[in-house]
Amino acid sequence: MTERIDLSKSDQYTLSIRLSADGFSFSIYNPLGGSDFYFQPYPIHTQHSLAANVKSFLAETEELSLPYRQINLLIHSSRYTPVPLELYEDEQMDTLFYQNLPKQNNEVILCNILGRSNSVVLFSLDKLTHVFLSEKFPEARFFAAVSPQIEYLTARSKQGNNRKLFANLHPTSIDLLAFDKGKPLLLNTYSIREATDQCYYILNVWKELGYDQERDELHLTGNLPKKELQHMLQPYLRHIYIINPQAEFNDSEASRIEEIPFDMQSLISCE
């Protein structure tokens, strides 16, 4: 895919890096449009810490040493919590975060203010990883991976006159985002081991929120087989849809690469 982009023009491009326990990846693209797009996954050592993997990633990936117009750092983790914008205050950031999540040592709390959903996402990153990334990319913007999904799906959920549940499937987790015509009802990430776990969390959230089996909708996305999960859920839910990235993101270059994560596509579309 390197032939799709001229890295001698990197200072005109946006670099987006995604860090997850399932593996790292990065994309390079022209924010002004066109066909300039490059995506590359990077395997990690699951026995090593996040910081150790990040250190190797930064040292071994030549593309990360080039200058860029904008750099985004996308952190996929379950350690985040949404807060209504009207309740958020900078000096209360740590307090608000630890009201909902157990405290851990050696982490920094970061925030994304989301204009479309009038909410704030607080998320954490271990201090050593934060130091490595901040030293390498001092001008970079940090995002929780759920943040661009919230922004994109807030607008998407306003279509029609029913409530929607979006499920983003990952190898060891599932992001669930529930909306009522643009109003967020639930935002959470759950650890999973197999497809039955995915079914359990989807149906449990559906029941807890009082969704209507005949009227409301479930939308599936992610890089795992979705047809199997759709078949397992069909006895319980009438309206199940699989998100088609090419249709969703207007047949952009990013949407044509099957393995690019949905949260990274959402970040590109929201910029």
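Residues numbered from 1 in each chain as written. Predicted model: local features only at pLDDT ≥ 70, side-chain atom pairs only at ≥ 80, totals over all residues. Heavy atoms only, no water.

1. Here's the deal with the sheet that holds strand S10 (residues 173–180)
Pairing in this open sheet of five strands is mixed, and the strands run S11-S10-S9-S12-S13 from one edge to the other. A single partner strand is all that each edge strand has here, and the edge strands are strand S11 (183–191) and strand S13 (239–242). Across the sheet, the mean angle from the axis of one strand to that of its neighbour is 15°, orientation sign disregarded. Pairing analysis gives eight bridges linking S10 to S11, with the strands arranged antiparallel. Considered in S11, the bridge of Leu177 is made with Leu187. Across the sheet, helix H4 (residues 146–156) is in contact with strand S9 (163–169), S10, S11 and strand S12 (217–222); its angle to S10 comes to roughly 35°. In the packing of helix H5 (residues 195–208) onto the sheet, contacts are made with S9, S10, S11 and S12, and the angle to S10 comes to roughly 20°. (Pairing = 2+ DSSP bridges. Helix = DSSP H or I, 4+ residues; strand = E, 2+ residues; numbered from the N terminus. Axes fitted to C-alpha atoms, helices over the stretch in contact; angles between N-to-C directions. Contact = heavy atoms within 4.5 Å.)

2. Regarding the packing of aromatic side chains
A full pass over the atoms with the stated rule returns 12 aromatic pairs. Consider the rings of Trp206 and Tyr211, whose centres lie 4.9 Å apart with planes at 65°: the pair is edge-to-face. Members of the aromatic cluster, connected to one another through ring pairs, are Phe24, Phe26, Tyr38, Tyr42 and Phe57. Sitting over the face of the ring of Tyr98, Lys103 holds its NZ or CZ atom 5.3 Å from the ring centroid. (Phe/Tyr/Trp six-rings, centres within 6.5 Å; stacked < 30°, edge-to-face > 60°. Lys NZ or Arg CZ within 6 Å of the ring centre and 35° of its normal.)

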